[in-house]
Amino acid sequence: MTEIDLSRLPTGARGWSALVEWAASSDDRQERYFLEMKSDVDLNGKRGRHKVAKFVLGAANRDPAKAAKRFGGHAVMLLGVSAGAISGIAAFEAKDLEREVSKFTGADGPGWDFERIRVDDEHDVIAIIADPPTARIWPCLADGEGLFNGDIYLRGDGNTEKAKGVEVQSMLARLMASGEAPKLPDITVDIEGSVMGVQFDPKRVVSWVEDAKDDYLRGIGSDRGGGPFGILATQGLMEQRSETDFRRQVERWSTAAMADPASGLHDLAARIAVGIRLRVKNPEMRSLRDVRVDIEFDEPVRALDWEDPDRDDRAELFPDRPPEWGRDSLAYILRDTHIAPFAARDTDGLLQISQTSPAKLSLSLNLLRSKEARMTEEDDIVLVLFVEDESPEQLTARWQLTAGDVHDLREGTLVVPVAHYDWRGPLASLLGDDDAQADEGAV
């Protein structure tokens, strides 16, 4: 048997030929952790290229201490070799192999190379050489032949398989102990659009709520079941609430409305404001999975779901206020209840409200590809700042970004301009002030 120095990779054509001869004749199964042989691989097809990708990933996820015992930490896959036979494989295009493998490893994936060992005029043995592993964990980044997106593969004694839970735990422990945890790239987060700054008179809105409360209570009838409509009431076609329940309902609404007068303007603002868009840009040649961006405003900015201004129903002040006495009937419910069909939405790339005020937003991205800029839709969220005096020129927000496969945190600050709107005059007219001036502002 040819003498082979397994402490380092062979050099030159003679050294590689010696390794091939030794591998074909050796029955030492202990070496299969560092060496793999395949006789039936065609690198002109995806199936063969995917086997190379799986080997590279599995070799990169090995225990560095154990890997260091052979070939200086490298792992070698010999294609066109089997026990007792050296047949080689057909010629192939190197660039096609490299491009296909990078789909699964990423452009900045674990290092690897290959050597050609001539067999005859039409066939070569190909040695795929995987670099020594570090403590970093390399997940698979795509689906393929025997490969599944998100799986972690590990080179074992004679095969490369999906890592078991205890093996992943060991990888994580090595990663944390090494201090070599990967860092997030210099991702940028920007908001396109502006905050709608609405100037209004909260005292006037509170006064309207007080008047509305009085109107509610004056409308209470003394007899719910008597009179000419008594039979209708007993059949559920008239007022369904007791006077006590109605008074409690009105009191709860008026108390909440006077504590936060701006809440009654949400429906109007959500139809007038222009939605913001969030842009997340990855500048590096490295894809990230399970990306989450959280944004938080310090000022009392309100995040509202954008509403279509062309909706059939009209916008109202305090649309959540209770129906007047005598209106909470079966006929009223059937006439005014509109049940929109439920359709589940994919949350990938969907900007969502975590908290209305101060506004907190979140964005989840299943995949942020290398050199990619993801932009949310315009008609998701609007930002509104209700003020008694004139609104500021701009506001700031803080953002944090994390990714599922990286134990790191990226942070930054956003500066968002404020577009000023004076609603004092229009609201005074809407609320019934006869002396409201048209030149006090426009919605």
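Not measured: the values here are computed from a predicted model.

Some thoughts on the overall build of the protein
Consideration 1: For the protein, the helix and strand inventory stands at 11 helices and 19 strands.
Consideration 2: Residue burial in the protein is summarised as follows: out of 443 residues, 42% are buried.
Consideration 3: Pairs at least 24 apart in sequence give 77% of the contacts found in the protein among residues at least 6 apart.
Consideration 4: Accessible surface, the protein as shown: approximately 23,300 Å² in total, 47% of it carbon and sulfur.

Observations regarding the packing of aromatic side chains
Consideration 1: According to the stated counting rule, one finds seven aromatic pairs in the structure shown.
Consideration 2: Where Phe92 meets Phe114, the ring centres are 5.6 Å apart and the plane angle is 55°; that geometry is what we call tilted. One end of the pair, Phe92, is in the loop between β4 (85-86) and α4 (94-105); the other, Phe114, is in strand β5 (residues 112-118), with 22 residues separating them in the sequence.
Consideration 3: When the centroid spacing of 5.3 Å and the interplanar angle of 65° are considered together, the rings of Phe246 and Trp325 count as edge-to-face. Within this pair, whereas Phe246 is found in helix α8 (residues 243-259), its partner Trp325 is found in the loop between β13 (302-305) and α10 (330-336), the two being separated by 79 residues in sequence. When sorted by exposure, Phe246 lands in the same class as Trp325, which is buried.

Some thoughts on the environment of Ala212
Consideration 1: As for its position among the elements, Ala212 is in helix α6 (residues 202-218).
Consideration 2: The buried category is assigned to Ala212, whose relative accessible area is 12%.
Consideration 3: Sequence-wise, Ala212 and Val250 are 38 residues apart; in three dimensions their C-alpha atoms are separated by 9.4 Å.

Re the pattern of salt bridges
Consideration 1: Applying the stated rule across the entire model yields 23 salt bridges.
Consideration 2: A salt bridge links Glu100 to Lys103; the shortest N-O distance between them is 3.5 Å. Taken as a pair, Glu100 and Lys103 lie in helix α4 at a separation of three residues, close to a single helical turn.
Consideration 3: Judged by relative accessible area, which is 44%, Lys103 ranks as partly exposed.
Consideration 4: Sharing partners across several salt bridges, the network here consists of Glu296, Asp298, Lys360 and Arg398.

Some remarks on a negative patch on the surface
Consideration 1: Together, Asp308, Asp310, Glu377, Glu378 and Asp379 make up a region of like negative charge exposed at the surface.
Consideration 2: Topologically, Asp379 is positioned in the loop between β16 (373-375) and β17 (381-387).
Consideration 3: Look at Asp379 and you get partly exposed, because its relative accessible area is 41%.

Considerations on the packing of α6 against α8
Consideration 1: In contact at an axis separation of 10 Å, α6 and α8 are set at 175° when each is read in the N-to-C sense. One finds that α6 runs roughly antiparallel with respect to α8. Residues Val206, Trp208, Val209, Glu210, Ala212, Lys213, Tyr216 and Leu217 of α6 lie in contact with α8, whose contacting residues are Phe246, Arg247, Val250, Glu251, Trp253, Ser254, Ala257 and Met258.
Consideration 2: In terms of residue class, the contact of α6 with α8 is made up of 11 nonpolar, one polar and four charged.

Looking at the sheet that holds strand β19 (residues 406-422)
Consideration 1: Within the open sheet, the eight strands sit side by side as β13-β17-β10-β19-β18-β12-β15-β14. Their pairing is mixed. At either margin of the open sheet sits one strand with a lone partner, and together these are β13 and β14 (352-355). Averaged over all pairs of adjacent strands, the angle between their axes in this sheet comes to 30°, without regard to strand direction.
Consideration 2: Examined bridge by bridge, strand β12 (residues 288-297) and strand β15 (residues 360-368) share eight bridges and lie antiparallel to one another. In the strand pairing of β15, Leu288 is matched with Leu368.

Each value, and the rule that gives it
Along each chain, residues carry numbers from 1 onward, in the same order as the chain's sequence is written. The predicted nature of this model means local features are confined to residues of pLDDT at least 70 and side-chain atom pairs, given and counted, to a pLDDT of 80 or more, with totals for whole chains, interfaces and linings taken over all residues. Side-chain figures throughout are based on the complete set of non-hydrogen atoms in the structure, without hydrogens or water. A helix here means a DSSP run of H or I that spans at least four residues, while a strand means a run of E at least two residues long, and both kinds are numbered starting from the N terminus. Any residue under 20% of the maximum accessible area for its type is buried, any over 50% is exposed, and the rest in between are partly exposed; the area is computed with a 1.4 Å probe on protein chains only. Contact definition: two residues touch when any of their heavy atoms are within 4.5 Å. Only the protein chains shown count as cover for residues, with accessible areas throughout obtained via the Shrake-Rupley method and a probe of 1.4 Å. The rule is short: rings of Phe, Tyr and Trp, with Trp giving its six-membered ring, pair when the centres are within 6.5 Å, and they are stacked under 30 degrees, edge-to-face over 60, tilted in between. Here, a salt bridge means any side-chain nitrogen of Lys or Arg that lies within 4 Å of a carboxyl oxygen of Asp or Glu. Patch membership requires over 30% relative accessible area and the absence of a salt bridge. Like charges are linked within 9 Å, and nonpolar side chains (Val, Leu, Ile, Met, Phe, Trp, Tyr) within 5 Å. Positive charges are assigned to Lys and Arg, negative charges to Asp and Glu, while His and the chain termini are left out of the count. To locate a charge, the coordinates of NZ of Lys, CZ of Arg, CG of Asp or CD of Glu are taken. Interaxial angle, 0 to 180 degrees, is taken between N-to-C directions of lines fitted to C-alpha atoms, where a helix line uses only the stretch in contact. Oblique is the label for every angle not falling under 35 degrees (roughly parallel), over 145 degrees (roughly antiparallel), or within 65 to 115 degrees (roughly perpendicular). Under the scheme applied, nonpolar residues are Ala, Val, Leu, Ile, Met, Phe, Trp, Tyr, Cys and Pro; charged residues are Asp, Glu, Lys and Arg; polar residues are all the others, including Gly. Pairing between two strands is assigned when DSSP locates at least 2 bridges connecting them.

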